[in-house]
Amino acid sequence: MSVIPLVDDVFCAVYPPEHPVAEYESLYLEDLVPYDLIVLSKGSSARDLYEKAVADVTTRSGLRVDTTHMATAILFVHQGMGVAILPKLALKSLNLNGLNYKPLVDPVAHRKIGLIQRKKQKLSSAGVDFLSQLYDCLENKEN
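Residues numbered from 1 in each chain as written. Predicted model: local features only at pLDDT ≥ 70, side-chain atom pairs only at ≥ 80, totals over all residues. Heavy atoms only, no water.

## Structural notes on the overall build of the protein
Reasoning step 1: The number of helices and strands found in the protein is 5 helices and 6 strands.
Reasoning step 2: The N-to-C order of helical and strand elements in the protein reads β-α-β-α-β-α-β-α-β-β-α.
Reasoning step 3: By its C-alpha atoms, the protein is 55 × 35 × 30 Å across when sized along the principal axes.
Reasoning step 4: The burial tally for the protein puts 36% of its 143 residues in the buried class.
Reasoning step 5: A sequence separation of at least 24 residues applies to 75% of the contacts in the protein between residues at least 6 apart.
Reasoning step 6: Put simply, the protein shows about 9100 Å² of open surface, and 52% of that area lies on carbon and sulfur atoms.
Reasoning step 7: Here the protein contributes 15 positive and 17 negative side-chain charges, whose respective centroids are spaced 10 Å apart. (Helix = DSSP H or I, 4+ residues; strand = E, 2+ residues; numbered from the N terminus. Buried < 20%, exposed > 50% of the residue type's maximum accessible area, 1.4 Å probe, protein only. Contact = heavy atoms within 4.5 Å. Areas by Shrake-Rupley, 256 points an atom, 1.4 Å probe, with all protein chains shown as cover. Lys, Arg positive; Asp, Glu negative; His and termini not counted. Charge placed at Lys NZ, Arg CZ, Asp CG, Glu CD.)

## Overview of the nonpolar core
Reasoning step 1: Ranked by size, the top nonpolar core spans 34 residues in total, and within it Val-14, Leu-29, Leu-32, Tyr-50, Ile-85, Leu-86 and Leu-104 carry the most contacts.
Reasoning step 2: For this core, the elements supplying multiple residues, two or more each, are strand 1 (2-15), helix 1 (29-32), strand 2 (37-40), helix 2 (45-53), helix 3 (70-78) and strand 4 (83-87).
Reasoning step 3: The element best represented in this core is strand 1, accounting for 6 residues. (Core = buried A, V, L, I, M, F, W, Y, C linked by side-chain atoms within 4.5 Å.)

## As for a nonpolar patch on the surface
Reasoning step 1: A surface patch of nonpolar side chains, amounting to about 370 Å² of accessible area, comprises Met-1, Val-3 and Ile-116.
Reasoning step 2: In this structure, Ile-116 sits in strand 6 (residues 110-117).
Reasoning step 3: Owing to a relative accessible area of 63%, Ile-116 belongs among the exposed residues under this scheme. (Patch = residues over 30% accessible without salt bridge, like charges linked within 9 Å, V, L, I, M, F, W, Y side chains within 5 Å. Salt bridge = Lys/Arg side-chain N within 4 Å of Asp/Glu carboxyl O.)

## Quick look at the confidence of the model for the protein
Reasoning step 1: Overall, the prediction assigns the protein a mean pLDDT of 87, with 95% of residues at 70 or greater.
Reasoning step 2: By mean pLDDT, the top-scoring element of the protein is strand 5 (residues 100-103) (97), and the lowest-scoring one is helix 2 (77). (pLDDT = per-residue confidence, 0-100.)

## Some remarks on helix 3
Reasoning step 1: Along helix 3, the residues that are buried comprise Ala-73, Ile-74 and Val-77. Projected down its long axis, helix 3 shows its buried positions confined to an angular sector of 100°, all on one face.
Reasoning step 2: Positioned one or two residues after helix 3, Gly-80 has a phi angle of 80°, which is positive. (Arc of directions from axis to C-beta.)

## Describing the pattern of salt bridges
A side chain with one charge can pair with a side chain of the opposite charge if their charged atoms come near.
Reasoning step 1: For the structure on display, the rule yields 3 salt bridges.
Reasoning step 2: Where Lys-112 meets Asp-8, a salt bridge forms, and the shortest distance between an N and an O atom there is 3.2 Å. Pair noted here: Lys-112 is in strand 6 and Asp-8 is in strand 1, with a separation of 104 residues, a long-range link.
Reasoning step 3: For Asp-9, the salt bridge identified is with Arg-111, shortest N-O distance 3.0 Å. Of this pair, Asp-9 sits in strand 1 while Arg-111 sits in strand 6, and the two are 102 residues apart along the sequence.
Reasoning step 4: According to the relative accessible area criterion, Asp-9 is buried, its value standing at 4%.
Reasoning step 5: You can call Arg-111 partly exposed: its relative accessible area is 26%.

In C-alpha cells, the structure reads:
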C-alpha cells in the first residue's frame, strides 16, 4: 500500500469571543481541560486525539458534552455550553457566525489526509480522473 497525500489538517478550539481561551497566544489541548468542552463521540478522530493528549493530565476537568455531529457541537458553543474541538477543514462548512477558533499547537493535533492505493496496481482511468478532480477541488478551496 502507498499513500497519496492530499491535505494537512489541524484540530481547533472553537469558542465564543469572550471565552478565556481567547487570551491564549498558543493553545494546547491541556489548556482546555479545565473548561467545559464539547467533544465528538467515541470513535471519532477528534475524540481519540483529545483522550490521547490529556491521558496524563491531573487537572480537574470541566463538564464534557459528547455529540455525534459537528453542527451540533457548534450549536452548543453558540449556546455558551463550552469550547468545541473540531477539525479546521470542517469549519468552513459550519455556521461559525460570531464564534472564534484557534488551531491547537500540539503535534498530535495535526493530521495528514490522503488516499490509500495498492502499490502494485495502477489507478484506473476513472481513478486518475477522480484524483485530478480532487486535487482541483482542494486547490480551489485553498484560494
